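Analysis of the macromolecular model
Residues per chain are reported as follows:
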Amino acid sequence: MLLVDDVATYQPIVSGNPYQPHMARIVRIYKMVENNHLFTLRFLEDNLAHTFRHQPGQFIMLSVPGAGEIPISISSSPSRPEVLELCVRRVGRVTQALYRLHTNDVVGVRGPYGNGYPIPEMQGNDLLLAAGGLGMAPLRSLLWYALDHRDKFNNIILMYGTKRPEDMLFREELLALVDRTDMNCLLTVDADPAGTWKNHVGLLPTLFDYAKIEPLHTYASVCGPPVVYKFILQRLLELGFPKNRILMSLERRMKCGIGKCGHCSVGYKYTCLQGPIFTYWDAINLPEMI
Amino acid sequence: MKILRLRKEKLDLFASVVQQFGELHAPVEQDGKYVFKRLTRWAEARLDYDRTILPPKKYFLPPRETLFRYRPGEGFLPSTDGLNQRIILFGLHACDVYSLNILDRVFAGKYADPYYQARRRNIAIIGIDCTPDKQCFCRSMRADFVDHGFDLFFYDTGDYYQALVGTALGDDMVLATGNLFEAVDAADIDEYKRRSWNKRRAFHLDVEIRDLPEIFEMEYQSEIWEELGAKCLSCGSCSMVCPTCYCYDVGDDVELGSRAGKRTRSWDSCLFADHALVASGENFRGPRASRIKFRFYHKQRGFVAEYGRPSCVGCGRCTSACPVGIDVVQVIDRLRRVQDVASR
């Protein structure tokens, strides 16, 4: 763990080394949901902080010195640069170590990696974003990109579901979107025992009843645990979505992020290079994808 | 390409001269098998070897290497350990040179691997031709000859070695020997052709790789994968000895009593249970059958889609190393076999 006191002598290493992590300071830790904190990072190198740009759907390799390096999707939109927001669930060894860090501690970042969402193709179309649980993490980047470039897209629909209201990631900002008239923000919870939830109650697919969807003019971006893929994909296919208009964001074990270490391969593609955004057509053709 | 010849008895003289270009490594006998190793004297070199236990990849992607050191306040400092060492790797067979050409593609591209690239620049390759044995199927894998990837390549033509000069460095080695090398004549070329023809006929194994990717797709649900999964021990030996298996793992180690440490990478195998395991506990290739299927699939199908050819070079090492006798040629043969379902 590096402390901010140690940072003054840090000299950025200029090299063509694609494995080189660049040090970044944790500027904010927001406890959105128990064990699902939002970490805001800013590169120590000012130049990098100003120039770092990513595509919605891309990821970075995050180093927690002493613990290791892991792929994390970028939750912030490239339309809001200077900092990177990462929604990280405390689940493994490296994320455990990250959760022991404090504001102003330093981590390593390299990237951005992966293909990201095919924004040029998606422009001029309706967007349907469907997420369950932690699936909101990569989709939030696309959501804010679309809202910040509202004129580039037609209708925007968000369907997001979690088990309980207190599990909902980005809850305050998403609740604020419900009132927006230039998008259809549909939020649901499986159950609301406390009876305080003012939005939908029911499983994620029930939200389809509240959305007007034209499959041939829409790109559907889906992200979530396997159960979400199962039911949402089934529903999208019933609606008549062409298989290349359904976009999925995958997670895999990764050690390099740049197509060398072999861990993230699905069939004959690398999640880190040709993904993590794949179409449903890719999924059918690549064994063991979902 | 510059082609010369060297009288066979002058080879040791050449070897002594060439050492000015780097530390000389060659196949050496060890417990009845062969290993690439630093020579203490030229007489140790066994150029008549069949295959080494580990392929030459160990020089370019070491089993374990330090990528970075990190210190609080300094961040991650790239390691250059061993990257500047000049080595002459003498006596690689064509399949092994070919395997390096395959690794070149993986470790190049948009994200070129600087560690691999540095070693590739500093390690000279001198190839030598060979006689296929019972486990060789490099011809089927189109890796029985190489046209690049070496500095020099020696073909045995009886009294001489015919030397193909592949690079400017190779040419410098030739020039450094003074007038040890001679021009080739028509009789040398005829002798080469005769031997090339004989080599072709010496193969015991032959597999057809055209349309193999399609057959892999068709046989994806074949029961053969379950059978292999039941047999395979997941020891990963096949990956370790494979000249083109490049999967690696990366880990951070903290020095005792300090907050500094290093990031190292080490060889990994897709047969290991945790290769596709993520932190949530989800394992995308949990069953052993799906892991061994993936290894075959990636070599013979995946790599074709990515780079236009299988990554297997037919060196036979995986078959030699497998403790339970899984034989890549037999697996391919079985996948290609007509099941004759109609007459059952």
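Residues numbered from 1 in each chain as written. Chains lettered and ligands numbered in written order. Predicted model: local features only at pLDDT ≥ 70, side-chain atom pairs only at ≥ 80, totals over all residues.

With that settled, consider the interface of chain B and chain A. Think of interface size as the accessible area that goes away when the parts come together; that is how it is often given. Taken together, the contact between chain B and chain A spans 40 residues of the former and 40 residues of the latter. Secondary structure elements with two or more residues in the side of chain B that touches chain A: β4 (64–71), β5 (75–78), β11 (248–254) and α10 (288–307) of chain B. When its residues are assigned to classes, the side of chain B that touches chain A shows 23 nonpolar, nine polar and eight charged. (Contact = placed C-beta atoms within 7 Å. Helix = DSSP H or I, 4+ residues; strand = E, 2+ residues; numbered from the N terminus. Nonpolar A, V, L, I, M, F, W, Y, C, P; charged D, E, K, R; others polar.)

Across chain B, the average pLDDT comes to 93, with 99% of residues at 70 or higher. Taken over the whole predicted complex, pTM reads 0.91, whereas the ipTM for its chain interfaces reads 0.90. (pLDDT = per-residue confidence, 0-100.)

Here we come to the nonpolar core. Among the nonpolar cores identified, the biggest contains 165 residues, and A:L129, A:V222, A:M248 and B:L89 are the most heavily contacted of them. Ranked by residues supplied to this core, first place goes to helix α4 (residues 136–148) of chain A with eight residues. Setting aside chain neighbours within four positions, we find B:L89 in contact with B:H25, B:F36, B:P56, B:Y59, B:I123, B:A124, B:I125 and B:I126. (Core = buried A, V, L, I, M, F, W, Y, C linked by C-beta atoms within 7 Å. Buried ≥ 20, exposed ≤ 12 C-beta atoms within 10 Å, placed from the backbone.)

On to the sheet that holds strand β10 (residues 181–183) of chain B. Residue and element names in this part refer to chain B. Taken together, eight strands build an open sheet; the order of strands is β3-β2-β6-β7-β8-β9-β1-β10 and the sheet is mixed. Lying at the two open borders of the sheet, with one neighbouring strand each, are β3 (33–38) and β10. If you compare each strand with its neighbour and ignore which way they point, the axes differ by 30° on average. Here three bridges tie strand β2 (residues 23–30) to strand β6 (residues 87–92), and the two strands are oriented parallel to one another. The residue of β6 that forms the bridge with E23 is I87. This element, helix α5 (residues 168–176), spans β1 (2–7), β7 (123–128), β8 (152–156), β9 (160–165) and β10 of the sheet and lies at about 140° to β9. (Pairing = 2+ DSSP bridges. Axes fitted to C-alpha atoms, helices over the stretch in contact; angles between N-to-C directions.)

Another point: the domain arrangement of chain B. Residue and element names in this part refer to chain B. Partitioning chain B into domains gives domain 1 (2–201) and domain 2 (212–343). With centres defined by C-alpha atoms, the gap from domain 1 to domain 2 works out at 26 Å. Of all the secondary structure elements, the ones that give two or more residues to the side of domain 1 that touches domain 2 are β4 and α3 (94–106). In terms of residue class, the side of domain 1 that touches domain 2 is built from 21 nonpolar, four polar and nine charged. (Domains from an automatic or database assignment.)

This part takes up the pairing of β2(B). Alignment of β2(B) against β3(B), held across six bridges, turns out to be antiparallel. Bridge assignment links B:V28 to a residue of β3(B), and that residue is B:V35.

Residues and elements named next belong to chain A. For the bond from G111 to P112, the omega torsion is 0°, close enough to zero to count as cis. When you line up the elements, P112 lands in strand β6 (residues 106–113). Residue G275 is joined to P276 through a cis peptide bond whose omega torsion reads 5°. Mapped onto the elements, P276 comes out in the loop between β14 (269–270) and β15 (277–279). Positive phi is not limited to glycine here, since N104 has a value of about 80°. With respect to the helices and strands, the residue N104 is situated in the loop between α2 (93–99) and β6. We note that F170 has phi near 55°; this positive angle belongs to a residue other than glycine. Along the polypeptide, F170 turns up in the loop between β8 (156–162) and α5 (171–178). Looking at F170, the number of C-beta atoms within 10 Å reads 24, which means it is buried.

All names here are of chain A. Mapped onto the secondary structure, Y145 falls in helix α4. We classify Y145 as buried; it has 25 C-beta atoms within 10 Å. The spatial distance from the C-alpha of Y145 to the C-alpha of P120 is 13 Å, given a sequence separation of 25 residues. In this view, Y145 contacts P56, S77, P78 and S79; residues no more than four positions away in its chain are not counted.

The next thing to look at is the domain arrangement of chain A. Residues and elements named next belong to chain A. When cut into domains, chain A gives domain 1 (4–113) and domain 2 (119–249). For domain 1 and domain 2, the distance between their C-alpha centroids amounts to 26 Å. Taken together, the contact between domain 1 and domain 2 spans 16 residues of the former and 16 residues of the latter. Of all the secondary structure elements, the ones that give two or more residues to the side of domain 1 that touches domain 2 are β1 (22–33) and β5 (84–89). Taken together, the residues of the side of domain 1 that touches domain 2 sort by class into six nonpolar, eight polar and two charged.

Residue and element names in this part refer to chain B. Across the sheet, which stays open at both edges, the four strands sit in the order β5-β4-β12-β11 with antiparallel pairing between neighbours. Edge positions in the sheet fall to β5 and β11, since each of these pairs with one other strand and no more. The average undirected angle you get between the axes of adjacent strands in this sheet is 30°. Relative to β5, β4 is paired through four bridges, and the arrangement is antiparallel. Paired with F68 across the two strands is P78, which belongs to β5.

Time to look at the packing of helix α8 (residues 224–231) of chain B against α10(B). How two helices pack is summed up by the angle between their axes together with the distance between the axes. All names here are of chain B. The geometry of α8 relative to α10 is characterised by a closest axis approach of 8 Å and an angle of 110° between their N-to-C directions. Relative to α10, the element α8 lies roughly perpendicular. Packed against α8, whose contacting residues are W225, E226, L228 and G229, the element α10 presents R288, A289, I292 and K293 at the interface. Considering only residue class, the contact of α8 with α10 consists of four nonpolar, one polar and three charged. (Parallel < 35°, antiparallel > 145°, perpendicular 65-115°, else oblique.)

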